[in-house]
Amino acid sequence: MAVSGLVLVGFIISHLLGNLLIFGGPGALNAYGAKLRHLGWWLWAARVFLIVMAAVHIQTSVELAVENRCARPQGYRMQR
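Before going into details, it helps to say that this report is about the structure given with it. (Residues numbered from 1 in each chain as written. Predicted model: local features only at pLDDT ≥ 70, side-chain atom pairs only at ≥ 80, totals over all residues. Heavy atoms only, no water.)

**With respect to helix H1 (residues 2–19)**
The line we're drawing: Counting from the N terminus, the helices are the DSSP runs of H or I reaching at least four residues and the strands are the DSSP runs of E reaching at least two. Multiplying 1.5 Å by the residue count of a helix minus one yields the expected span of that helix. Whether a residue is buried, partly exposed or exposed follows from its accessible area with a 1.4 Å probe, protein chains only, as a fraction of its type maximum: under 20%, in between, or over 50%, in that order. Working note: the arc is built from the helix axis to C-beta atom directions. Pairs of residues are marked as contacts when any of their non-hydrogen atoms sit within 4.5 Å.
The first and last C-alpha atoms of H1 sit 26 Å apart over 18 residues, in line with the 26 Å expected at 1.5 Å per residue. Among the residues making up H1, those that are buried are Ser-4, Gly-5, Leu-8 and Gly-18. When H1 is viewed along its axis, its buried side chains cluster within an angular range of 150° and face the same direction. H1 presents Ala-2, Val-3, Leu-6 and Leu-17 as exposed residues on the side facing more than 90 degrees away from its buried surface. Buried residues in H1 make contact with helix H2 (26–37) and helix H3 (41–71).

Next comes the structure, spelled out in structure tokens:
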């Protein structure tokens, strides 16, 4: 779960940095877009990888929640 979370956070940071190029003017943003277009199949591979990482993250969180419930099936006496 930690690895998939780090990958997803890395994507969010890189996406944010790419979007911040809007403050660099139209030339910077257009150059960034052209670079992305020229990645070709690498861009699709990255998209598939991110979708897989999101699915892995969701799956591991469900497994962790189930393990947590199995470890202590009864609730605590007092809830704070």
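So, next bit.
**A word on the packing of H1 against H3**
Test applied: Angles here are taken between N-to-C directions and fall from 0 to 180 degrees, while the axes themselves are lines fitted to C-alpha atoms, restricted in helices to the stretch in contact. Roughly parallel means an angle under 35 degrees; roughly antiparallel, over 145; roughly perpendicular, 65 to 115; everything else is oblique. The handedness criterion is simple: a crossing whose near helix is rotated anticlockwise from the far helix by less than a right angle is left-handed, and one whose near helix is rotated clockwise is right-handed.
Remark: H1 packs on H3, axes separated minimally by 9 Å, with the N-to-C direction vectors making an angle of 135°. By the criterion of interaxial angle, the relationship of H1 to H3 is oblique. The two elements H1 and H3 cross, and the hand of that crossing is left-handed. Contact residues: H1 offers Ser-4, Gly-5, Val-7, Leu-8 and Phe-11, while H3 offers Phe-49, Leu-50, Met-53, Ala-54, Val-56 and His-57.

**Here's the deal with a nonpolar patch on the surface**
Just so we agree on the cut-off: Here a patch means residues that are over 30% exposed by relative accessible area and free of salt bridges, tied together within 9 Å if like-charged and within 5 Å if nonpolar (Val, Leu, Ile, Met, Phe, Trp, Tyr). Using a 1.4 Å probe, the Shrake-Rupley method yields the accessible areas, and only the shown protein chains count as cover for residues. Salt bridges, as used here, are contacts in which a Lys or Arg side-chain nitrogen is within 4 Å of a carboxyl oxygen on Asp or Glu.
On the surface, Val-9, Ile-13, Leu-16, Leu-17, Leu-20, Ile-22, Phe-23 and Leu-29 cluster together into a nonpolar patch covering about 780 Å² of accessible area. Tracing the chain through its elements places Ile-13 in helix H1.

**Notes on the side chain of Ser-4**
As for its placement among the helices and strands, Ser-4 is situated in helix H1. Residue Ser-4 is classed as buried on the basis of its relative accessible area of 2%. Excluding anything up to four places from it in sequence, Ser-4 contacts Met-53, Val-56 and His-57.

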